[in-house]
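Now for the letters of each chain:
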Amino acid sequence: MSAEPVVQAFGLGKDYGKLRAVEAVDITVNHGEFFGFLGPNGAGKTTMIHMLTTLVGPTRGRAEIAGHDVVAEPLEVRKHIGLVFQETTLDGELSAEENLQLAGKLYGLGRAELRERIAEVLELFELTDRRHDSVRTFSGGMRRQVDLARGILHRPAVLFLDEPTLGLDPVNRGRVWGFLERLASEEGMTLFLTTHYLEEAEPCDRVMIVDRGQVIAQGTPAELKRDLGGRESIELVMSDPDPRLLADIARRTGSEPRRTSSGVIVAVDSAEEILPMLLPLIGDRLESLSVRKPTLDDVFVAATTPGTVAA
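Residues numbered from 1 in each chain as written. Predicted model: local features only at pLDDT ≥ 70, side-chain atom pairs only at ≥ 80, totals over all residues. Heavy atoms only, no water.

Trainee: Mind showing me how you'd approach the overall build of the protein chain here?
Mentor: Counting its regular elements, the protein chain contains 10 helices and 14 strands. Seen along its three principal axes, the alpha-carbon backbone of the protein chain occupies a region of about 80 × 45 × 35 Å. Relative to its full complement of 311 residues, the protein chain shows a buried share of 48%. Summarising the internal contacts of the protein chain: among those between residues at least 6 apart in sequence, 70% fall at separations of at least 24. On the protein chain, roughly 15,100 Å² of surface is accessible, and the fraction owed to carbon and sulfur atoms is 50%. Charged side chains in the protein chain number 35 positive and 48 negative. The centres of these two groups are separated by 3 Å. (Helix = DSSP H or I, 4+ residues; strand = E, 2+ residues; numbered from the N terminus. Buried < 20%, exposed > 50% of the residue type's maximum accessible area, 1.4 Å probe, protein only. Contact = heavy atoms within 4.5 Å. Areas by Shrake-Rupley, 256 points an atom, 1.4 Å probe, with all protein chains shown as cover. Lys, Arg positive; Asp, Glu negative; His and termini not counted. Charge placed at Lys NZ, Arg CZ, Asp CG, Glu CD.)

What follows is the structure, given as structure tokens:
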């Protein structure tokens, strides 16, 4: 991943009448980075992508893609981006190959180059055997694969993905994510993702969380889970957790254990550090234990809950 930025936004914002869809956002995404732009429905994610990809003009601020201003140089910007919308925009009556041929001509690719590029993306997305089939016969997951193939056909500097797995079943979501992770790791492509599926942001290099048009948290997934996700939870399944034992656990961990039907749950900063001190205390009364680490769901709840202070 290069430290050179490919996406930059400076105080970028958008109003629709009295509605402030995006406040004033600063973003820097470097070449080869997998960047996640997260938020609940209505948070301004799609509006942000539309501004960065020249589909709507900003009300304030400015943005650059590969060094080109999105307002002053929209045609240059479009040469450097790929875009996958929430809903497919493929022509269902055309074959996969014909949809790609149409896109390639719009990008100005020559005949020989286009033929080579189509063969590459069809192989990458495992569509070679279905290249001549009408897209209307494809499943939702396969249509999304064609969308992705079309998005990278011209080898863009950055691929924008606006909730790319919306409406897909878990199997097809998993397939699409396999392809995206290959694009990031093997092809070194810059990916700019919007999603409200928290688990989908786990592979991202960095994540920015927005709510009501404002940035409320940002960092790597690990940083956000550490700073906002809360403490780790140790669940101890044991026989006879008597009051004396519970008091000892509280003293050793600095946290009051919570009784469950099968034992106790205790919140700690680091289960790895606490368990060597805790296990001898419990001894043979322990039947099993499990550790739950903070997730991006915990971060999301912490960051978007009113009254919670976010970094």
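Trainee: What is the right way to read the packing of helix H5 (residues 140–151) against helix H6 (residues 170–185) from this model?
Mentor: Helix-helix packing is characterised by the crossing angle of the two axes and by the distance between the axes. Relative to each other, H5 and H6 sit at 20°, their axes nearing to 9 Å. Considering the angle they form, H5 stands roughly parallel to H6. H6 is crossed by H5, and the crossing has right-handed handedness. Contact residues: H5 offers Gly141, Arg144, Gln145 and Leu148, while H6 offers Asn172, Arg175, Val176, Phe179 and Leu180. Of the residues assigned to the contact of H5 with H6, the class counts are four nonpolar, three polar and two charged. (Axes fitted to C-alpha atoms, helices over the stretch in contact; angles between N-to-C directions. Parallel < 35°, antiparallel > 145°, perpendicular 65-115°, else oblique. Left-handed = near helix turned anticlockwise from the far one by under 90°. Nonpolar A, V, L, I, M, F, W, Y, C, P; charged D, E, K, R; others polar.)

Trainee: Explanation requested: the pairing of strand E1 (residues 5–16) in the structure shown.
Mentor: The two faces of the sheet receive side chains in turn, since in a regular strand these alternate between them. Here E1 runs beside strand E2 (residues 19–30); their pairing, made up of eight bridges, is antiparallel. Bridge pairing in E2 links leucine 12 to valine 25. Between E1 and E2, which pair antiparallel in sequence order, lie two residues; one of them, glycine 17, sits at a positive phi of approximately 65°. (Pairing = 2+ DSSP bridges.)

Trainee: Would you explain the nonpolar core in this entry?
Mentor: Taken as a class, soluble globular proteins show a tendency for nonpolar side chains to be buried jointly. The biggest cluster of nonpolar side chains holds 44 residues, and the ones touching the most others in it are Phe125, Ile152, Leu153, Leu159, Leu161 and Ile209. By residue number, the principal contributor to this core is H6, which donates six residues. Once residues lying within four places of it in the same chain are set aside, the contact partners of leucine 153 are Leu100, Ala103, Gly104, Leu109, Leu114, Arg117, Ile118 and Val121. Ranked by size, the runner-up nonpolar core spans 27 residues in total, among them Leu12, Ile27, Phe35 and Phe192. (Core = buried A, V, L, I, M, F, W, Y, C linked by side-chain atoms within 4.5 Å.)

Trainee: Please explain the environment of leucine 168 as it appears in this structure.
Mentor: With respect to the helices, strands and loops of the structure, leucine 168 is situated in the loop between strand E7 (158–162) and H6. Between the alpha carbons of leucine 168 and arginine 144 there is a distance of 9.1 Å; along the sequence they are 24 residues apart. Ignoring anything within four residues of it in the chain, the contact list for leucine 168 reads Gly140, Gly141, Arg144, Arg173 and Val176.

Trainee: How should I be thinking about the packing of aromatic side chains in this particular structure?
Mentor: The geometry of an aromatic ring pair is captured by the separation of the ring centres together with the interplanar angle, meaning the angle of the planes. Applying the stated criterion across every chain, the model contains five aromatic pairs. Ring geometry for phenylalanine 160 versus phenylalanine 192: centroids 5.2 Å apart, planes at 45°, classification tilted. Residue phenylalanine 160 is located in strand E7, and its partner phenylalanine 192 is located in strand E8 (residues 190–195); the two are separated by 32 residues in the primary sequence. Per residue, the accessibility class of phenylalanine 160 equals that of phenylalanine 192, and both read buried. Taken together, the ring pairs in this structure connect Phe35, Phe37, Phe160 and Phe192 into an aromatic cluster. (Phe/Tyr/Trp six-rings, centres within 6.5 Å; stacked < 30°, edge-to-face > 60°.)

Trainee: Can you help me understand the sheet that holds strand E5 (residues 68–69) in this one?
Mentor: Paired through backbone hydrogen bonds, the strands of a sheet run either parallel or antiparallel to each other. With antiparallel pairing, the four strands of this open sheet are ordered in space as E2-E1-E4-E5. This sheet does not close on itself; its edge strands, each paired only once, are E2 and E5. Here strand E4 (residues 60–65) pairs with E5 via two bridges, running antiparallel. If you follow isoleucine 65 over to E5, its bridge partner there is histidine 68.

What is shown is where atoms sit, not what they do.
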